[in-house]
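# Structural characterization, general
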Amino acid sequence: MICCMLKRFCMKALFFLCGCWIWICFSCTTQSFREPSLQLIPQPAKICFEKGEFVLNQHTPVFVAGGEEMDSEVELLSAVTRQLGGFDLKREKGENAIVLQLDTTVACVGKEGYRLKIEPAGVTLSAPEVSGLFYGIQTFIQLLNDPQFYNAEEHAWHLPAMLVEDEPAFPYRGLHLDVSRHFFPKEFVMKCLDLMSVYKMNRFHWHLTDAAGWRIEIKRYPELTERAAWRTQENYMDWWNGDRHYATSDAPGAYGGYYTQEEIREVVEYAARRHVTVIPEIEMPGHSEEVLAVFPQLGCYGQPYRNGELCIGNEATFEFVENVLTEVMALFPSEYIHIGGDEASAAAWEKCPKCQKRRREEHLKDEKELQSYMIHRVEAFLNAKGRKLIGWDEILDGGLAPAATVMSWRGESGGIQAARMGHDVIMTPGGYCYFDSYQADPRTQPAAIGGFLPYLKVYSYHPVPAELSPEEARHVLGAQANLWTEYIPTTAHAEYMIFPRLLALSEVVWTPREKRDAADFKRRIAWHIDWLRGKGVNVFGLSDRLDLLDEVDTLQRRIRVRFDSEKYKPEIHYTLNGGAEQLYTDAFYVTDSACIEAFLVEDGKPSEEVLQKRLDYHRAVGKKVHYEKLYSSSYPAAGESTLVDGKRGGLTYGDGRWQGFLSDVNVTIDLDSVCDLSYVSAGFMQLIGPGVYMPNFVSVSVSEDGETFQEVARIDNRVPADEKQLVIEDFTARFKTRGRYVKFFAKRQRGFQFIDEIVIY
Ligand code: ACM
């Protein structure tokens, strides 16, 4: 009996506890059902809305609970109330206050994390470290900047009560800037640092030296800046394709500049106040043409303007590098010192008696090991001074230095390899992190280096490759955007390339992956673009481009078509084969051939940019393709099925749909049986910057038996070889014949040719 009562009591207690739990969860979700839409970027790890609101007005005090000196953090808040509300926060203790507290017991968040509690009775921002308080303030400022919470008549904010518990997903959240190809003044660097800190980015990688100019004052070697910080032409591409000579600052037409040590100290301190570490990069052993122009004795040929690699057999090279790095370390407190390491040619080392002597004496197998020898020595030098070496992923070649960190730029494979070896890694793969790529249709954009990286592709990135084990994955410290500036001569252009893509990366590296939401990010980024413009930032904005997302269904022999846009909840209209305009609401199917046109409609107006695409579920889809000569191993796309998979390529040859050839294209498609044939068409791309050209001509031949072929069409190229714009063009032939085998031949003009699909009817 007692046992029975006890059981019933336990059951009731259990029901009661479950009920409480459900009520707690439900109240959080019902409240979050009514929750305001915030405009925060990056999205915090956790937000729970509560009842009530906090009113912030000219009576609101702000103070630091432990009395620590945090004037600059408090000033950030006051600057916003001053600018938007016309008043300073009172810096005193009091009721209904904003309280900042350093609290190592804030258990819910880790390093750089914070807990922001907004209640009717006050705001408490707690963090175990000052950096966490700084990031909490950034979040709070983004709330203050949101006009939905500001009452202009009252000069007051009504902030919804909430609890934010936030911390970064990754400790390394970087932006790189190449100031060698084009030089940017320190004020611009500071503007970047300001904006980075708004988005909780914390590493600024300063690419200070390269062939295009040496940009840091080195007291011991004033010649570097006297003679290699200016060049003969402003336009980098003209200079690089021209004489590649350096000049003194007073030479007519000289272009360049450098940072004095005083300016560098100023920037480093400015960054530190924004919790950004500045990582200097001094390139070696390659990308050093400017050093060799000044000190030719450090090169294998002993002559300027011959090559860009330091001589590794020469002890003077190490003396130079160590002297430079000693001054660099005195200026930059960063634990990491970046030594470049990328894209060095071994050609001079192979012929250099000093390098070969070094190779023999050190028992180095080849020139890769020779380069690795240098990196090892430089690492030992840095480590002895308490610093760590970081370099581009070529530092893996010939053996990675014992404690080096690898910056993986040629895709992720270097990073994966390094993480598996137990080394730390920063991911910066070109396909997701190179902000010098186009961010919209190249035909609508200022010239860029190539590629295609819209913000949604940045947003889709995750720095930890799936193939890493949890233990290996811990070595991936984060990701970084790189801005190389070959095509970026001005600060306005640099801003245009960085923003808004940096916002997407900030969410990639800060927000837990499961909390990332591209659809909601579209809403928030639109708001931030306006905000950034208001701050005088030359943001690219959002493209009017529509993406066509096609899925080929070989079972039902059809292509499922959807559209996507960078814009939030876009209105999209489209036509099929020139028919009536329709409002796009959901996916539709193409079963044979469809010419699709689609465009955005905003405020009743159609956008000028129109998506035009032809899709074909054609006779050759899924059929066997025989290659006389295989495609380039660098651009295989989907391998041997690529040319007949029904998928058309996009705006970049790197999208996995374009197959690249350094030879003629010479393939035969077997249609399985003899049939009537009337149409062959194939898409090619031309983009001469990276050396991609149309074929000279295309020839189509048909055979019934696979032995005897008859040419049925020949199409000559109409695109001039000096056309600078991206061109995507179909080479189309119409004829009447019967056959089973279609031989498709495209004569290479020069460089690469890229082809996406061979459509056959
Ligand atoms: C690089 O882009 N050469 C690191």
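Read on for a plain summary of the structure. Residue numbers run consecutively from 1 along every chain, following the written order of its sequence. Totals for whole chains, interfaces and linings use all residues, but because this is a predicted model, local features are given only for residues with pLDDT of at least 70 and pairs of side-chain atoms are given and counted only at 80 or more. Side-chain numbers here rest on the full set of heavy atoms in the structure, without hydrogens or water.

## Describing the sheet that holds strand E13 (residues 246-247)
Pairing between two strands is assigned when DSSP locates at least 2 bridges connecting them. Each helix is a run of DSSP H or I of at least 4 residues and each strand a run of E of at least 2, with the numbering of both proceeding from the N terminus. Here three strands make up an open sheet; going across it, the order is E13-E12-E14 and the pairing antiparallel. Because the sheet does not close on itself, it has two edges, and the strands there are E13 and strand E14 (255-256). As paired elements, strand E12 (residues 230-231) and E13 share two bridges and run antiparallel to each other. Its bridge partner being in E13, tryptophan 230 is matched across the sheet by alanine 247.

## Comments concerning the side chain of aspartate 393
Among the structural elements, aspartate 393 can be located in the loop between strand E17 (388-392) and strand E18 (405-408). The residues contacting aspartate 393, other than those within four sequence positions of it, are Val406, Met407, Ser408, Trp409, Arg410 and Gly414. Residue contacts are counted whenever heavy atoms from the two residues lie within 4.5 Å of one another.

## Examining the environment of leucine 400
Within the secondary structure layout, leucine 400 lies in the loop between E17 and E18. Exposed residues in this analysis have more than 50% of their type's maximum accessible area, buried residues have under 20%, and partly exposed residues fall in between, with area computed by a 1.4 Å probe over protein chains only. Judged by its relative accessible area of 11%, leucine 400 is buried. Taking the C-alpha atoms as reference, leucine 400 lies 43 Å from phenylalanine 140; in sequence the two are 260 residues apart. Sequence-distant contacts of leucine 400, defined by excluding residues within four places in its chain, comprise His376, Ile395, Val406, Ala418, Met421 and His423.

## Quick notes on the nonpolar core
Buried Ala, Val, Leu, Ile, Met, Phe, Trp, Tyr and Cys residues that are joined via side-chain atoms within 4.5 Å together make up what is termed a nonpolar core. Counting 136 residues, the largest nonpolar core has Trp206, Trp214, Ile216, Phe320, Leu325 and Phe332 as the members making the most contacts within it. Counting 35 residues, the second-largest nonpolar core is a separate cluster that includes Leu40, Ile137, Phe140 and Trp510.

## Digging into helix H18 (residues 501-510)
H18 sits mainly inside the fold: ten of its ten residues count as buried. Of the residues making up H18, those classed as buried are Arg501, Leu502, Leu503, Ala504, Leu505, Ser506, Glu507, Val508, Val509 and Trp510.

## Section: the state of the cysteines
Cysteine sulfurs are considered disulfide-paired once they come within 2.5 Å of each other. The full count for this structure, using the stated rule, is zero disulfides. Cysteine 192 takes part in no disulfide bond, and the closest cysteine sulfur, belonging to cysteine 433, lies 17 Å away. Judged by its relative accessible area of 3%, cysteine 192 falls in the buried class. Free of any disulfide, cysteine 352 has its nearest neighbouring cysteine sulfur in cysteine 300, separated by 3.7 Å.

## Here we look at the pattern of salt bridges
Salt-bridge detection follows one rule: a side-chain nitrogen of Lys or Arg within 4 Å of a carboxyl oxygen of Asp or Glu. Applying the stated rule across the entire model yields 49 salt bridges. We note a salt bridge from aspartate 547 to arginine 545, for which the minimum N-O separation is 3.0 Å. Note that aspartate 730 and arginine 648 form a salt bridge whose closest N and O atoms lie 2.9 Å from each other. In this pair, aspartate 730 is assigned in strand E34 (residues 727-746) and arginine 648 in the loop between strand E29 (624-627) and strand E30 (659-661), connecting sequence segments 82 residues apart. The class for arginine 648 is buried, based on a relative accessible area of 8%.

## Re the pairing of strand E15 (residues 277-284)
With respect to burial, E15 is a largely interior element, seven of its eight residues being buried. In terms of strand pairing, strand E9 (residues 203-207) meets E15 through five bridges, oriented parallel. Paired with histidine 205 across the bridge in E15 is isoleucine 279. Sheet topology places E15 next to strand E16 (residues 336-340); two bridges connect them, and they run parallel. In the strand pairing of E16, glutamate 281 is matched with histidine 338.

## Side note on the packing of helix H11 (residues 353-361) against helix H12 (residues 367-384)
For any two helices packed against each other, the geometry comes down to the angle between their axes and how far apart the axes lie. For every element, the axis is a line fit to its C-alpha atoms; helices are fit only across the contacting stretch, and the angle between N-to-C directions ranges from 0 to 180 degrees. The N-to-C vectors of H11 and H12 enclose an angle of 80°; their axes lie 10 Å apart at closest approach. The angle between H11 and H12 places the two elements in the roughly perpendicular class. On H12, the residues touching Cys355, Gln356, Arg358 and Arg359 of H11 are Glu367, Leu370, Tyr373 and Arg377. Three residue categories are used. Nonpolar comprises Ala, Val, Leu, Ile, Met, Phe, Trp, Tyr, Cys and Pro, charged comprises Asp, Glu, Lys and Arg, and polar comprises the others, including Gly. Residue classes in the contact of H11 with H12 are distributed as three nonpolar, one polar and four charged. Should an angle lie under 35 degrees it is considered roughly parallel, over 145 roughly antiparallel, and from 65 to 115 roughly perpendicular; all remaining angles are considered oblique.

## Examining the sheet that holds strand E8 (residues 172-178)
Reading around the circumference, E8-E9-E15-E16-E17-E18-E19-E20 is the order of the eight strands in this closed barrel, with parallel pairing throughout. Between one strand axis and the next, the sheet turns by 30° as a mean value, whatever way the strands run. Across the sheet, helix H4 (residues 186-198) is in contact with E8 and E9; its angle to E9 comes to roughly 155°.

## Some words on the environment of tyrosine 305
Mapped onto the secondary structure, tyrosine 305 falls in the loop between helix H8 (289-294) and helix H9 (315-331). Spatially, the C-alpha atoms of tyrosine 305 and valine 321 are 20 Å apart, while their sequence positions differ by 16 residues. Those residues in contact with tyrosine 305 that sit more than four places away from it in its chain are Arg244, His245, Tyr246 and Ala293. Under this definition, polar contacts are N or O atom pairs within 3.5 Å; protein pairs additionally need one hydrogen-donor-capable and one acceptor-capable atom, and for neighbouring residues in sequence, both atoms have to be side-chain atoms. One polar contact links the side chain of tyrosine 305 to the main-chain amide nitrogen of tyrosine 246, over a distance of 3.1 Å.

## Comments concerning helix H2 (residues 71-85)
Taking 1.5 Å per residue as the helical rise, H2 with its 15 residues ought to reach 21 Å, and the 20 Å between its terminal C-alpha atoms agrees with that figure. Among the residues of H2, Glu73, Val74, Leu77, Ser78, Val80, Thr81 and Gly85 are the ones counted as buried. Elements that come into contact with the buried residues of H2 comprise strand E1 (46-56), strand E2 (62-64), strand E3 (98-102), helix H3 (130-144), strand E6 (150-151) and strand E7 (156-166). After H2 finishes, the residue glycine 86 shows a positive phi value of roughly 80°. Multiplying 1.5 Å by the helix residue count minus one yields the expected span of that helix.

## Section: unusual backbone geometry
The omega angle of the peptide bond from isoleucine 41 to proline 42 is -5°, so this bond is cis rather than trans. Going from methionine 284 to proline 285, the amide bond is cis rather than trans, its omega being -15°. Along the chain, proline 285 falls in the loop between E15 and H8. The phi angle at asparagine 577 is positive, at roughly 50°, despite the residue not being glycine. With a phi close to 50°, aspartate 603 is a non-glycine residue in the positive phi region.

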